[in-house]
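Architecture and fold: a report
Next come the chains, spelled out residue by residue.
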Amino acid sequence: MKKRLSKVLVLSMMLITLLMLSGCGEAEELYYEVDKDSMQNYTKELITQYYNTNEMEQDFYLSDGSELQKTAVSGFIAAQTTDHVGEFIDFASGDGSVSFSNGVDGKVICSQICKYANRDVKVSISYKQNKAFELDKEKAYESLVSQAAQYGVDVTTYVTQMYGQYDDLDMTSMDKFLDTFLAKAYNERPYEAIDCEVSAVYSKKELITQAGKNTAIGMGVVFAVLIFISFIISLLKYLPLLFDAEIRRTRAEKKAAESAAKKQTEDLIISSSKTSVDDDAQTDKLTSDVGSKDLMNDSELVAVITAAIYAASAGAVRGPAYTASNDKLVVRSIRRVR
């Protein structure tokens, strides 16, 4: 018993260790190196530019704008009209408020959570690497060195004196200064915004409820369509009667022939019954006159019944010798009764 408990304890410890190692894995390596703070700030600038547009701006962006402008404006409109997120309040801060991940085709996605009146909204902007940025950055640095040489000072002193009063420029290093300088002066960055995705943040309970509603609606529509299709299929048997006059005429002639044959059979049976009664009366009279002499002749009666049977089966498909007529009269044999 103790050995079994020891094995269970060892296996449990191994499982816990594996879970801890998987949870402490390294973060996903992005397709290219980015300054996350700079990318987050640029993402906030784009959100601020497109989250609250008027009708004139919306018409322009949706018709003649870039892919980024179309997706951003349409996404924010859908968030307001479909998800009813309410008014924009502020950008979320703290853990989980921003994330970076790899997208398709070498893009890096920056996702920023925004606080709205009714619910949070997640805005994800995809960025493509700007491979020409480093070349433009080098050219800008050479231009600053040339301008500093004209004044007889080094480039650092020149940059500090010329641009130190601007709060939008990062003066902590020459590299960061060039990044912010190109962004503010030429709107050029190491990455280029391609498209935007705006989605309201729902809780798990809301997602499960919405999924249940969608499932019920989908199944209801499917069953309704199946019932409608079954009804349409049941009506297909009437199509030949509606579109083929020859079939209608043939069926009408067949029905008329069956009715005439039935009437003819009834007339023959009635006439044969009368003939039989007259023959019986005549036979009784002759018997009384002649005595025990049998003068009854059934050959005519047999011929009449046989003719009635063939008349009843006229126009039908040839079948067995003994068949049932429409009035459920079955003739099994014909014999003379003494």
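Residues numbered from 1 in each chain as written. Predicted model: local features only at pLDDT ≥ 70, side-chain atom pairs only at ≥ 80, totals over all residues. Heavy atoms only, no water.

1. Topic: the pairing of strand β4 (residues 121–129)
To keep things clear, this is the line we draw: For two strands to pair, DSSP has to find at least two bridges joining them. Secondary structure elements follow DSSP: runs of H or I of four or more residues count as helices, runs of E of two or more count as strands, with numbering from the N terminus.
Across 7 bridges, strand β3 (residues 108–116) lies against β4 in antiparallel orientation. Bridged to Cys114 within β4 is Val121. Two elements, β4 and strand β5 (residues 191–200), share 9 bridges in a ladder whose sense is antiparallel. Considered in β5, the bridge of Val121 is made with Ala200.

2. Considering the packing of aromatic side chains
What counts here: Stacked, edge-to-face and tilted labels apply to pairs of Phe, Tyr and Trp rings (six-membered ring for Trp) whose centres lie within 6.5 Å, assigned for plane angles under 30 degrees, over 60, and everything in between, in that order. Working definition: with a 1.4 Å probe on protein chains only, accessible area under 20% of the residue-type maximum means buried, over 50% means exposed, and in between means partly exposed. As a reminder, the over-ring test applies to NZ of lysine and CZ of arginine, requiring each to be within 6 Å of the ring centre and within 35 degrees of the ring normal.
For the coordinates displayed, the defined rule picks out 14 aromatic pairs. Residues Tyr163 and Tyr166 carry aromatic rings whose centres are separated by 6.4 Å and whose planes lie at 40° to one another, so their mutual orientation is tilted. A relative accessible area of 46% means that Tyr166 is categorised as partly exposed. An aromatic cluster is present here, built from Tyr163, Tyr166, Phe177, Phe181 and Tyr186 joined pairwise through their rings. Across from the ring centre of Tyr42, 3.7 Å away, lies the NZ or CZ of Arg189, which sits over that ring.

3. Topic: the nonpolar core
One recurring pattern in soluble globular proteins is that nonpolar side chains are buried together. Stated formally: In this text, buried Ala, Val, Leu, Ile, Met, Phe, Trp, Tyr and Cys residues form a nonpolar core when linked through side-chain atoms within 4.5 Å. Residue contacts are counted whenever heavy atoms from the two residues lie within 4.5 Å of one another.
Among the nonpolar cores identified, the biggest contains 31 residues, and Met39, Leu46, Val123, Ile125 and Tyr127 are the most heavily contacted of them. Breaking this core down by element, the ones donating at least two residues are α2 (36–50), α4 (67–81), β1 (88–91), β3, β4 and β5. Those residues in contact with Tyr127 that lie beyond four places of it in its chain are Tyr32, Met39, Tyr42, Thr43, Leu46, Lys107, Val108, Cys110, Tyr191, Glu192 and Ala193. Counting 13 residues, the second-largest nonpolar core is a separate cluster that includes Phe133, Leu144, Leu169 and Leu178.

4. Overview of the confidence of the model for the chain
Basically, it comes down to this: A residue's pLDDT is simply how confident the predictor is in it, with values from 0 to 100.
Residue-level pLDDT values for the chain average 81, and 75% of them are 70 or greater. Every residue in residues 290–296 scores below 50 in pLDDT, and together they form 7 contacts with partners more than four places removed in sequence or on other chains.

5. Remarks on the packing of helix α5 (residues 133–150) against helix α6 (residues 155–163)
Put simply, the rule reads: What counts as an axis is a line fitted to C-alpha atoms, over the stretch in contact for a helix, and the angles between N-to-C directions run from 0 to 180 degrees. Angle categories: roughly parallel below 35 degrees, roughly antiparallel above 145, roughly perpendicular from 65 to 115, and oblique for all the rest. Each residue gets one label: Ala, Val, Leu, Ile, Met, Phe, Trp, Tyr, Cys and Pro are nonpolar, Asp, Glu, Lys and Arg are charged, and the others, such as Gly, are polar.
Where α5 meets α6, the axes come as close as 9 Å, and the angle between the chain directions of the two elements is 90°. When the interaxial angle is binned, α5 and α6 end up roughly perpendicular. When α5 is examined against α6, the residues Tyr141, Leu144, Val145, Gln147 and Ala148 are found in contact with a partner set consisting of Val155, Tyr158, Val159 and Tyr163. Here the contact of α5 with α6 is composed, by residue class, of 8 nonpolar, 1 polar and no charged.

6. Digging into the side chain of Gln40
Rules: Here a polar contact is taken to be a pair of N or O atoms separated by no more than 3.5 Å, where protein atoms must pair a possible hydrogen donor with a possible acceptor and residues adjacent in sequence count only if both atoms sit in side chains.
Looking at the secondary structure, you find Gln40 in helix α2. Here the side chain of Gln40 touches Gln112 through a polar contact of 3.1 Å, side chain to side chain. Not counting the four nearest positions on each side in its chain, Gln40 is found in contact with Val98, Phe100, Cys110 and Gln112.

7. Some thoughts on the environment of Ala140
In this structure, Ala140 sits in helix α5. You can call Ala140 buried: its relative accessible area is 14%. Along the sequence, Ala140 and Phe181 sit 41 residues apart, while their C-alpha atoms lie 9.1 Å from each other.

8. Focus: unusual backbone geometry
Even without being a glycine, His84 presents a positive backbone phi close to 50°. Among the structural elements, His84 can be located in the loop between α4 and β1. One non-glycine residue, Asp105, lies in the positive phi region at around 55°. Within the fold, Asp105 resides in the loop between β2 (98–102) and β3.

9. Overview of the pattern of salt bridges
Note the threshold: Salt bridge criterion: a side-chain nitrogen from Lys or Arg within 4 Å of a carboxyl oxygen from Asp or Glu.
Tallied over the full model, the rule gives 7 salt bridges. A salt bridge links Lys184 to Glu45; its shortest N-O distance comes to 3.8 Å. Of the two residues, Lys184 sits in helix α7 (residues 174–186) while Glu45 sits in helix α2, which places them 139 residues apart along the sequence. When its relative accessible area of 38% is taken as the criterion, Glu45 is described as partly exposed.

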